Structures are given as C-alpha cells and as structure tokens.
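Architecture and fold: a report
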Amino acid sequence: MRKSLLFAVAAIVSGFYLFPVYWMYASALKLSDELNANPPTLIPHAPTLAAFRWIFERENVAQYLWNSLLLSSGVTLLTLLLATGAAYSLARVRSIWMDVMLVGVMLSQVLPPPLLVTPMFVIFRQIDLINTLLAVILATTTKTLPFAVVMLRTSFAQVPVDLEEAARVDGASRVLAFLRVTLPLARVGYIVVGTLVFLLAYGEFVYPVSLLNKKALQPATVGLYSFVGADYSDWANAMAFASVFVTPVIVVFMLLQRRIVSGLTAGALK
C-alpha cells in the first residue's frame, strides 16, 4: 500500500511537470484553427507536420540549431578548462583563504545575467567583440563557471590523496599524477558537469539577444523569441520550433540520466 501510494504521488507530480512538454508537441501537430479553438483539444484531431515544414523551409532552423551547438560546445570546453584548476586547488589546498574563495565563487552564482549584461556589453564593444560568438561564449562562461567549480571540487575531493602521493613516490610529477590518476577517477564528475553546463548554455537567452544583432549568428533561443511579439504570436510555428529545439536536450538527458543523478548525489554520500 505504501509503495502504491508513493507511486501514485510520483505519477501525479510527474504529470504536472510533463504536461507542458506534451502540450508543446501536441500543439506543434495542430492546425492554427484547432490550436486557437475554445475549449482546447488535448489530442490533435488531424495531426499535421505543416508547421515543421514551414520552420525548416522559411525560418532556417538548422542554422539556429548549429549556432546553439557551437555556443554550447564552446562554453562547455572553456568552462571545464578553467574550472579544472580552480576546483582541484580548492579540493587539495586547505586554508582559511581557500574557504573564503569558495564562498566567493558560490556567491558569484547569485548575480543574475540581466545585471551583468550591460557592463559586459560595454567591455565587449570597446574591444570590438560585439556580434561575435566569442563574446557570447565568454559571457555565458561567467555564468556556468562558478557552478562547474563547485561541482568539480566535490569530484576531486572524493579522490584519495594517497593515490596521488603513491604516484609521486613512483616518480610522477604533480601534474602527471593529476593527469594519470586524479583526472580519470573524476570522469563521472566531468560527464555530469559537462552535460549540465552544455544544457545551461544551450538554453541561454539574455547574453545572445543582447550581444548578437546578426541573425546569422543568433542561436535557437533568440530565433524562437522572434515568433512572439506585442501584436502577433505565431503559436503553431513557435511550438514546432520549440519542439525541435527541446528534443535534443530531452534525448541527451534520458541517455545520461543515471550518471547525472549519481554525480549530483556523490557529494552527499561521501
């Protein structure tokens, strides 16, 4: 009885979370008349792919998705590269100053992107980086880097120091011991952090819409925004665009869900 009750509660909560996703896909398959009908229909009466054909032929969805992929990949690589040294230092060096730095890193996550986008715009304009993918990559990295440092620090802290010391006794340098011993043992943390950072960058909107005016460089988040305006909203095509945009995220999360959950709970079980 207890298991059945817990299952029912989990099913209800999951239904609340997943219903908007279902509604997005269902709306993408509806005609405009059915989409605006009152009362709305839960299941499309005459499913059609007209909206999908429209966005691929007229809205250049492939270019938007390619730009999102480039930005997300660049942010992920840069974040992992910069976070590795900081996280390893915070995990291995024990001092009051390291604790202060860790608190500072955690507090930096409190600052919202709309607060930082104006000074970043001024800086990038002075160094002529406006309307470049590099500007968005650098700006988004400032958002994902604190999160990556905190998560990777937990992964490095779980690797016993004795293993590194044993490698150094055998003649390995500190860098070689890190590359050959610590880094492979922390690979689960890298998979989790890399996946979450990629997803955060993939859905970033504030920095791309503020730093990119060229349509050829804009990611899918900005392209999706163009379907909704003050006087007109093309919901059928917007839902089709959103479905194409969200599907890769859902697939990646489903494939890596076990590793993500194990990596997120590893610190609590140490």
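Before reading further, recall that the structure is shown in the block above.
It should be emphasised that the depicted structure is a prediction, and the values quoted were computed from it without experimental measurement.

1. Side note on helix H7 (residues 133-157)
Compared with the 36 Å implied by 1.5 Å per residue over 25 residues, the 34 Å span of H7 between its first and last C-alpha is a close match. For H7, the principal kink sits at Thr-144 and spans about 40 degrees; a proline, Pro-146, occurs within the next four residues.

2. Focus: the packing of helix H4 (residues 61-92) against helix H9 (residues 174-185)
Between H4 and H9, the shortest axis-to-axis distance is 14 Å and the interhelical angle comes to 95 degrees. When the axes of H4 and H9 are compared, the pair comes out roughly perpendicular. Facing H4, whose interface residues are Thr-84, Tyr-88 and Arg-92, H9 presents Arg-174, Phe-178 and Thr-182.

3. A few points about the nonpolar core
Phe-124, Leu-152, Phe-156, Val-193, Tyr-207 and Leu-211 are the most contacted members of the largest nonpolar core, which totals 36 residues. Sorting the residues of this core by element identifies H4, helix H5 (96-108), helix H6 (113-126), H7, helix H10 (187-202) and helix H11 (206-211) as the ones contributing at least two each. It is H7 that contributes the most residues to this core, 10 residues altogether. By size, the runner-up hydrophobic cluster in this structure holds 14 residues, among which are Val-61, Tyr-64, Ala-220 and Ala-240.

4. Observations concerning the side chain of Asn-237
If you trace the backbone, Asn-237 turns up in helix H13 (residues 235-266). Discounting residues that sit within four places of it in the chain, Asn-237 has contacts with Ala-51, Trp-54, Ile-55 and Phe-227.

5. Some words on the environment of Met-254
Inspection of the secondary structure puts Met-254 in helix H13. With a relative accessible area of 54%, Met-254 lands in the exposed category. Separated by 11 residues in sequence, Met-254 and Ser-243 have C-alpha atoms that sit 16 Å apart.

6. Here's the deal with a nonpolar patch on the surface
A cluster of nonpolar side chains, contributed by Leu-5, Val-9, Val-13, Tyr-17 and Leu-18, occupies part of the molecular surface with about 540 Å² of accessible area. Within the secondary structure, Val-9 sits in helix H1 (residues 2-28). Using a relative accessible area of 44% as the deciding quantity, one classes Val-9 as partly exposed.

7. Side note on the packing of helix H8 (residues 161-169) against H9
Taken N-terminus to C-terminus, the directions of H8 and H9 make an angle of 140 degrees; their axes are 9 Å apart at the nearest point. Comparing their axes, H9 and H8 come out oblique. The handedness of the crossing between H8 and H9 is right-handed. Counting all contacts with H8, which are made through Leu-163, Glu-164, Ala-167 and Arg-168, the residues of H9 involved are Arg-174, Ala-177, Val-181, Thr-182 and Leu-185. Tallied by class, residues from the contact of H8 with H9 come to 5 nonpolar, 1 polar and 3 charged.

8. Focus on the packing of aromatic side chains
Scanning the model with the defined rule gives 10 aromatic pairs in all. A centroid spacing of 6.0 Å and a plane angle of 15 degrees characterise the contact between Phe-198 and Tyr-202, whose relative ring orientation is stacked. With Phe-198 and Tyr-202 both in helix H10 and 4 residues apart, the pair spans about one turn of that helix. Plain terms: the ring middles of Tyr-202 and Phe-245 are 4.5 Å apart, the flat faces sit at 10 degrees to each other, and that makes the pair stacked. On the criterion of sequence distance, the pair formed by Tyr-202 in helix H10 and Phe-245 in helix H13 is long-range, its members being 43 residues apart. When sorted by exposure, Tyr-202 lands in the same class as Phe-245, which is buried. Cluster of aromatic residues (ring-pair linked, three or more members): Tyr-88, Phe-156, Phe-178 and Tyr-190. A cation over an aromatic ring shows up here: Lys-30 above the ring of Trp-23, its NZ or CZ 4.2 Å from the ring centre.

9. Concerning the pattern of salt bridges
Evaluation of the coordinates by the stated rule reveals 2 salt bridges. When the shortest N-O distance is used, the salt bridge between Glu-164 and Arg-92 registers 3.1 Å. Highlighted residues: Glu-164 in helix H8 and Arg-92 in helix H4, separated in sequence by 72 residues. For Glu-164, a relative accessible area of 5% gives the class buried.

10. As for the environment of Phe-147
With respect to the helices and strands, Phe-147 occurs in helix H7. Judged by its relative accessible area of 19%, Phe-147 falls in the buried class. Distance in space between the C-alpha atoms of Phe-147 and Val-193 is 8.3 Å, their sequence separation being 46 residues. Among residues more than four places away in sequence, those in contact with Phe-147 are Gln-109, Leu-196, Val-197 and Leu-200.

Definitions and limits used
Residues numbered from 1 in each chain as written. Predicted model: local features only at pLDDT ≥ 70, side-chain atom pairs only at ≥ 80, totals over all residues. Heavy atoms only, no water. Helix = DSSP H or I, 4+ residues; strand = E, 2+ residues; numbered from the N terminus. Expected span 1.5 Å × (residues − 1). Bend = angle between axes of the 7 residues up to and from the residue. Axes fitted to C-alpha atoms, helices over the stretch in contact; angles between N-to-C directions. Parallel < 35°, antiparallel > 145°, perpendicular 65-115°, else oblique. Contact = heavy atoms within 4.5 Å. Core = buried A, V, L, I, M, F, W, Y, C linked by side-chain atoms within 4.5 Å. Buried < 20%, exposed > 50% of the residue type's maximum accessible area, 1.4 Å probe, protein only. Patch = residues over 30% accessible without salt bridge, like charges linked within 9 Å, V, L, I, M, F, W, Y side chains within 5 Å. Areas by Shrake-Rupley, 256 points an atom, 1.4 Å probe, with all protein chains shown as cover. Salt bridge = Lys/Arg side-chain N within 4 Å of Asp/Glu carboxyl O. Left-handed = near helix turned anticlockwise from the far one by under 90°. Nonpolar A, V, L, I, M, F, W, Y, C, P; charged D, E, K, R; others polar. Phe/Tyr/Trp six-rings, centres within 6.5 Å; stacked < 30°, edge-to-face > 60°. Lys NZ or Arg CZ within 6 Å of the ring centre and 35° of its normal.

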